[in-house]
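The primary structure of each chain is shown beneath.
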Amino acid sequence: MKIVGVAACTSGIAHTYIAKKKLETAAKSLGHQIHIETQGTIGTEDELTAQEIKEADVVIIAADIKIGGRDRFTGKKIVDIPTSMVIKAPKGLINKIEEEVMKA
């Protein structure tokens, strides 16, 4: 799968970057391509391109706050999940998403 997403937490520091790292590590270990944008205290980092979004099979919004630019994902399969759930079980999340995408 090609996965894109956004990570953001209330403080924009720890959970944002931990969620990003966990998602990237889990997805890559399962053979998927992934790019996660962060929206934190210093602004947006690793911003997703229009091409990456277009090619994505799924969008993961790992956030505890409202993210900016959500309209970019219109028409895409979106999974909304709190950062704490991503941090606790990233591989389980990716596996569940893979099952859902394969059904579609």
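A brief look at the structure comes next. (Residues numbered from 1 in each chain as written. Predicted model: local features only at pLDDT ≥ 70, side-chain atom pairs only at ≥ 80, totals over all residues. Heavy atoms only, no water.)

### Points about the pattern of salt bridges
Right, on to step 1. Under the counting rule described, the total for this entry stands at 6 salt bridges.
Right, on to step 2. Put simply, Lys20 and Asp46 hold a salt bridge, and the shortest N to O gap is 2.2 Å. In this pair, Lys20 is assigned in helix 1 (residues 14-29) and Asp46 in the loop between strand 3 (43-45) and helix 2 (50-55), connecting sequence segments 26 residues apart.
Right, on to step 3. For Lys20, a relative accessible area of 11% corresponds to the buried category.
Right, on to step 4. For Asp46, a relative accessible area of 43% corresponds to the partly exposed category.
Right, on to step 5. Measuring nitrogen to oxygen at the nearest pair gives 2.8 Å for the salt bridge that ties Arg70 to Asp80. Here Arg70, found in the loop between strand 4 (58-63) and strand 5 (78-81), pairs with Asp80, found in strand 5; they are 10 residues apart in sequence, far enough to count as distant. (Salt bridge = Lys/Arg side-chain N within 4 Å of Asp/Glu carboxyl O. Helix = DSSP H or I, 4+ residues; strand = E, 2+ residues; numbered from the N terminus. Buried < 20%, exposed > 50% of the residue type's maximum accessible area, 1.4 Å probe, protein only.)

### Overview of the sheet that holds strand 3
Right, on to step 1. Spatially, 3-2-1-4-5 is the arrangement adopted by the 5 strands of the open sheet, whose pairing is mixed. Every other strand in the sheet has two partners, leaving strand 3 and strand 5 as the edge strands with one partner each. Recorded for the sheet is a direction-independent mean angle of 15 degrees between the axes of neighbouring strands.
Right, on to step 2. Pairing between strand 1 (residues 2-8) and strand 2 (residues 33-40): 6 bridges, direction parallel. Within the sheet, the bridge partner assigned to Ile3 lies in strand 2 and is Ile34.
Right, on to step 3. The strands that helix 1 touches are strand 1, strand 2, strand 3 and strand 4; relative to strand 2, the one it contacts most, it runs at about 180 degrees.
Right, on to step 4. Each of strand 1, strand 4 and strand 5 is contacted by helix 4 (residues 90-103), which is oriented at about 145 degrees to strand 4, the strand it contacts most. (Pairing = 2+ DSSP bridges. Axes fitted to C-alpha atoms, helices over the stretch in contact; angles between N-to-C directions. Contact = heavy atoms within 4.5 Å.)

### Some words on the pairing of strand 4
Right, on to step 1. The element strand 4 is extensively covered by neighbouring structure, given that 6 of its 6 residues are classed as buried.
Right, on to step 2. By the alternation rule, side chains of strand 4 split into Val58, Ile60 and Ala62 and Val59, Ile61 and Ala63, which are all buried.
Right, on to step 3. Pairing of strand 1 with strand 4, which is carried by 6 bridges, proceeds in the parallel orientation. From the neighbouring strand, Gly5 faces strand 4, where its bridge partner is Ile60.
Right, on to step 4. Examined bridge by bridge, strand 4 and strand 5 share 4 bridges and lie parallel to one another. For Ile61, the partnering residue across the bridge sits in strand 5 and is Asp80.

### Quick look at the packing of helix 1 against helix 4
Right, on to step 1. Where helix 1 contacts helix 4, the axes come no closer than 9 Å and their chain directions differ by 55 degrees. Our classification of the angle between helix 1 and helix 4 gives oblique. For helix 1 against helix 4, the interelement crossing comes out right-handed. Across the interface between the two elements, Lys22, Leu23, Ala26, Ala27 and Ser29 of helix 1 pack against Pro90, Lys91, Leu93 and Ile94 of helix 4.
Right, on to step 2. A class-by-class count of the residues in the contact of helix 1 with helix 4 yields 6 nonpolar, 1 polar and 2 charged. (Parallel < 35°, antiparallel > 145°, perpendicular 65-115°, else oblique. Left-handed = near helix turned anticlockwise from the far one by under 90°. Nonpolar A, V, L, I, M, F, W, Y, C, P; charged D, E, K, R; others polar.)

By themselves, these observations are geometric and do not establish any function.
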